[in-house]
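So the chains spell out like this:
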Amino acid sequence: MSYSQPIGVFDSGVGGLSVVRQMLAQLPDEHIIYFGDTARVPYGSRTPDEIIAFGEQIVSFLQRFDVKAVVAACNTSSSVSLPVLRERFHLPVLGVLEPGVRAALETTRNRRIGVLATAATVNSGAFPRCFLAYDPGVTVHTQACPRFVPLVEAGRIDGPEVRAIARQYLQPLREAGVDTIVLGCTHYPFLAPVIRELAGDAIMMVDPAEETVKELSALLASLPLSSSRSTAGSADGQAAEPEGHRFFASGAVNSFYSSGRQFLGDFPFQVEQVNLSGIDSKCSTGGL
Ligand code: DGL
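Now for a quick tour of the structure. (Residues numbered from 1 in each chain as written. Predicted model: local features only at pLDDT ≥ 70, side-chain atom pairs only at ≥ 80, totals over all residues. Heavy atoms only, no water.)

### Focus on the nonpolar core
V9, L17, L116, F148 and F256 are the most contacted members of the largest nonpolar core, which totals 55 residues. Looking at this core element by element, the count peaks at six residues for helix α9 (residues 160-175). Excluding its chain neighbours within four sequence positions, the residues that come into contact with F148 are I165, A166, Y169, Y188, L191 and I195. Of all hydrophobic cores here, the second largest spans 23 residues; its members include F65, L82, F248 and I279. (Core = buried A, V, L, I, M, F, W, Y, C linked by side-chain atoms within 4.5 Å. Buried < 20%, exposed > 50% of the residue type's maximum accessible area, 1.4 Å probe, protein only. Helix = DSSP H or I, 4+ residues; strand = E, 2+ residues; numbered from the N terminus. Contact = heavy atoms within 4.5 Å.)

As structure tokens, then:
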């Protein structure tokens, strides 16, 4: 392991870019290899076995770039597959769920916490389990939001339909009297302006990305693997050479690119397409 190796980040789609956004702010010298599994999004309606298999396949792919650590920038994957990935791969694999729990516990005052998440995450019970392990006195209300991810993937983060859906998902949490809501899917921070407005000032929002990247930063410093210069591996696993961040998508490159542009602003990036059937072999370059 060396400080100059890149960090692998993956999600079912563009949601993990909310974590990338934080990485660019907190760890500007690190190089990122991002994989968005847009051909198989949403993970929220997948079975645990599928989510685990996808995670294994993606981490194997990221390993070709000689990554020094992997961030599962996906709550669904973090809820379901993290123990398997940590057991199978001999490199640090961080999730986003536990950092989100810690941040929410620091935020709440009435210890009534709401979690907006995918159906698979809610069904896994991972959020209540993790909250109760930290604080048995906390009350956790989880709300599945199956319609959010397709909207974010399509770049639709505001408008009457988005608002009507968000209002419907927030209602049970408001009735439960939560004072803190965890955006328990990495796609949801892109809907945060709408969610925040509809939830009102009395409810605080937690985006786990910030705490996740703090944890990553502490991990790299402790190993020590923090980077202060620019190098990254190559797609065919050949010798590392100086290079920028790389973004891969298993589905349409152009829609990933336009959502990414919307979410990351002026940050310059290209998207390369990975054919899932050939994920163990070649990548073809795409992007705009
Ligand atoms: N962004 C992911 C998460 O944090 C996955 C969403 C999905 O594909 O359903 O859960």
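### What about the packing of aromatic side chains?
Under the criterion given, the structure shown has 15 aromatic pairs. Measuring from centroid to centroid gives 6.3 Å for F267 and F269, while their planes differ by 20°, and the two rings are stacked. Side by side, F267 and F269 carry an identical accessibility label, which is buried. A connected cluster of aromatic rings, assembled from ring pairs, spans Y34, F247, F256, Y257, F267 and F269. (Phe/Tyr/Trp six-rings, centres within 6.5 Å; stacked < 30°, edge-to-face > 60°.)

### Observations regarding the site of the ligand
The full set close to the ligand counts 14 residues, and S12, Y43, N75, T76 and H187 are the nearest of them. In this structure, S12 approaches the ligand through a side-chain N or O atom, which is 2.6 Å from an oxygen atom. A distance of 2.7 Å is found between an oxygen atom of the ligand and a backbone nitrogen or oxygen belonging to N75. Partitioning the shell around the ligand into residue classes produces six nonpolar, seven polar and one charged. (Near = heavy atom within 4 Å. Polar contact = N/O pair within 3.5 Å; in protein donor to acceptor, adjacent residues only side chain to side chain. Nonpolar A, V, L, I, M, F, W, Y, C, P; charged D, E, K, R; others polar.)

### Notes on the pattern of salt bridges
The full count for this structure, using the stated rule, is 13 salt bridges. Between K214 and E210 there is a salt bridge, with the nearest N and O atoms lying 4.0 Å from each other. Residue K214 and its partner E210 are both found in helix α11 (residues 208-222); the two are separated by four residues, about one turn of the helix. What makes E210 partly exposed here is its relative accessible area of 41%. Three or more residues joined by partner-sharing salt bridges are found here, namely R102, E211 and E215. (Salt bridge = Lys/Arg side-chain N within 4 Å of Asp/Glu carboxyl O.)

Functional significance is not addressed by these values, which are geometric in nature.
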